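Working through the structure, step by step
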Amino acid sequence: MRTTWAILLGVAVLGVAGSASAAPLFTDDFIYDNGALTTVSAGNWVNHSGTAAQMQVLDQEAVVVLANGAGSSEDVNRAAGSTLAAGATWYYGATFTVEDTRATPGTGTISNQYLMHFKDSGTFNFRGRLYLTAGST
């Protein structure tokens, strides 16, 4: 059995705050062929930890595929092409959907599951994580 969490990152936007406006560092609509994100994105996305090929593209959506009971997944990153300077502010936005496709949806505990983060050039120096927690229904 497999658990699939679909994360639609329709428009992931990073912007650098300027004095009057922001300029996008990148956007990604995941218009890639189906397959492992790190393969089909032609090097835009690279693995930095976790089990390789768990982050898939399926019908222009990024989809995390986890084995039943797995507590972590592949971490991939895309370079922003810029470095956050002292005193600067970055903003990001994402549209995503979480679909619980387990045999008994809504059972068990979902905790400490982050789905987005900022990091420096190291492997585990994560900053600004966005966590997923179980809902009430």
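Residues numbered from 1 in each chain as written. Predicted model: local features only at pLDDT ≥ 70, side-chain atom pairs only at ≥ 80, totals over all residues. Heavy atoms only, no water.

1. Things to note about the overall build of the protein
- Per the secondary structure count, the protein includes one helix and 11 strands.
- In sequence order, the protein lays out its α and β elements as β-β-β-β-α-β-β-β-β-β-β-β.
- A total of 137 residues make up the protein; the buried ones form 29% of that total.
- Residue pairs at least 24 apart in sequence account for 54% of intrachain contacts in the protein once pairs closer than 6 positions are excluded.
- A total accessible area of about 8300 Å² is found for the protein, and carbon and sulfur atoms account for 52% of it. (Helix = DSSP H or I, 4+ residues; strand = E, 2+ residues; numbered from the N terminus. Buried < 20%, exposed > 50% of the residue type's maximum accessible area, 1.4 Å probe, protein only. Contact = heavy atoms within 4.5 Å. Areas by Shrake-Rupley, 256 points an atom, 1.4 Å probe, with all protein chains shown as cover.)

2. Digging into the pattern of salt bridges
- Going through the model one piece at a time under the given rule, you end up with one salt bridge.
- A salt bridge links R78 to D28; its shortest N-O distance comes to 2.8 Å. Here R78, found in the loop between β8 (75–77) and β9 (90–93), pairs with D28, found in the loop between β3 (22–26) and β4 (35–36); they are 50 residues apart in sequence, far enough to count as distant.
- Take R78: its relative accessible area is 22%, and that puts it in the partly exposed class.
- Given the relative accessible area of 4%, D28 is considered buried. (Salt bridge = Lys/Arg side-chain N within 4 Å of Asp/Glu carboxyl O.)

3. So, the packing of aromatic side chains
- Scanning the entire structure with this criterion turns up five aromatic pairs.
- Relative to W45, the ring of F30 has its centre 5.9 Å away and its plane inclined at 20°; by these criteria the two rings are stacked. Pair noted here: F30 is in the loop between β3 and β4 and W45 is in the loop between α1 (37–40) and β5 (46–49), with a separation of 15 residues, a long-range link.
- For W45, a relative accessible area of 10% gives the class buried.
- Seen in terms of ring centroids, W90 and F118 are 6.5 Å apart; in terms of plane orientation they differ by 70°. Their pairing is edge-to-face. Taken together, the residues W90 in strand β9 and F118 in strand β10 (residues 113–119) connect sequence positions 28 residues apart. (Phe/Tyr/Trp six-rings, centres within 6.5 Å; stacked < 30°, edge-to-face > 60°.)

4. Section: the confidence of the model for the protein
- The predicted model of the protein has a mean per-residue pLDDT of 74, with 69% of residues at 70 or higher.
- Note that residues 1–20 has pLDDT below 50 and, in this model, 86 contacts with residues that lie over four places away or in other chains. (pLDDT = per-residue confidence, 0-100.)

5. Remarks on the nonpolar core
- With 10 residues, the main nonpolar core is built from F26, F30, Y32, L37, W45, M55, V57, A62, V64 and V76.
- Breaking this core down by element, the ones donating at least two residues are β6 (55–57) and β7 (62–67). (Core = buried A, V, L, I, M, F, W, Y, C linked by side-chain atoms within 4.5 Å.)

6. Here we look at the side chain of Q54
- Examined against the element boundaries, Q54 turns out to sit in the loop between β5 and β6.
- When its relative accessible area of 12% is taken as the criterion, Q54 is described as buried.

7. Brief notes about the environment of A52
- On the secondary structure map, A52 appears in the loop between β5 and β6.
- Taking the C-alpha atoms as reference points, A52 and D75, separated by 23 residues in sequence, lie 8.3 Å from one another.
- Beyond its immediate stretch of four places on either side in the chain, A52 contacts N47 and E74.

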